[in-house]
Each structure stands twice: as structure tokens, then as C-alpha cells.
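Structural description and commentary
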Amino acid sequence: MGTCEYCGTRFPLTRSTRKYCTSRCKTNACLNRKPRRLRADEVAALHELLHSDLDSPEAFREKLREIIAPHMEPLPVGVSVPRMD
Ligand SMILES: [Zn+2]
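Turning our attention to the overall build of the chain. What the chain contains, in helices and strands, is 3 helices and 2 strands. When burial is assessed residue by residue, the chain has 2% of its 85 residues classed as buried. Summarising the internal contacts of the chain: among those between residues at least 6 apart in sequence, 13% fall at separations of at least 24.

Quick look at the structure:
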């Protein structure tokens, strides 16, 4: 058995290198780390995004995630929520 370094859950250790019980805990642990400074090319990508013309806020958020949080799971884009009226 191993102990998850993020939530403390005990889980069966399949590989000795595993530190987290699930990939979600791995992602969360990653997000909790002190944010690093953006690289010059990432800042350039953000400027490009600032001037880009995206059709939805979701598409914008997904582009933003790609730049600043590539380790995160992609956000759902283009899922339209039916309006209630
Ligand atoms: Zn965990």
C-alpha cells in the first residue's frame, strides 16, 4: 500500500514511483504548487490570445488553459447549454 501525498488516502501501489491515488490528486497537487513565472513564449502566446477573435468564452478559456496550464484536462468547448425559454 502507498499513501497519497495529496489527500492521504491509502491506495494499492502498482508502481513504486506513484505518489498520488488518482490522476486528479496529481493534478491538484500540481496546481497547489507555487505558480512559476511565465516564459517569454507563453507571455507572447497570451498577447496573441488578447488580440484573437474567438467565438465563445469557452474557446477563450480553453486557449488560456493550453498556455498557462497544459497539465490540466482540456475544458469542454462547444457544448451548448439549451436555453430554458
Ligand atoms: Zn489522493
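Turning to the packing of helix α2 (residues 40-51) against helix α3 (residues 57-68), a few remarks are in order. Relative to each other, α2 and α3 sit at 170 degrees, their axes nearing to 10 Å. The pairing of α2 with α3 is recorded here as roughly antiparallel in orientation. The residues of α3 that touch α2, namely those facing Glu 42, Ala 45, Leu 46 and Leu 49, are Lys 63, Leu 64, Ile 67 and Ile 68. Grouping the constituent residues of the contact of α2 with α3 by class yields 6 nonpolar, no polar and 2 charged.

Another point: the confidence of the model for the chain. Chain-level statistics for the chain give a pLDDT mean of 83 and a share of 85% at 70 or above. The weakest mean pLDDT in the chain belongs to helix α1 (residues 23-32) at 84; the strongest belongs to α2 at 93.

Moving on to the environment of Arg 18. You can see Arg 18 is positioned in the loop between β2 (10-11) and α1. Those residues in contact with Arg 18, other than ones at most four positions away along the chain, are Gly 2 and Leu 13.

Another aspect to go through is the environment of Arg 24. Among the structural elements, Arg 24 can be located in helix α1. Counting along the chain gives 49 residues from Arg 24 to Glu 73, while the straight-line C-alpha distance between them is 9.4 Å.

The rules behind each value
Residues numbered from 1 in each chain as written. Predicted model: local features only at pLDDT ≥ 70, side-chain atom pairs only at ≥ 80, totals over all residues. Helix = DSSP H or I, 4+ residues; strand = E, 2+ residues; numbered from the N terminus. Buried ≥ 20, exposed ≤ 12 C-beta atoms within 10 Å, placed from the backbone. Contact = placed C-beta atoms within 7 Å. Axes fitted to C-alpha atoms, helices over the stretch in contact; angles between N-to-C directions. Parallel < 35°, antiparallel > 145°, perpendicular 65-115°, else oblique. Nonpolar A, V, L, I, M, F, W, Y, C, P; charged D, E, K, R; others polar. pLDDT = per-residue confidence, 0-100.

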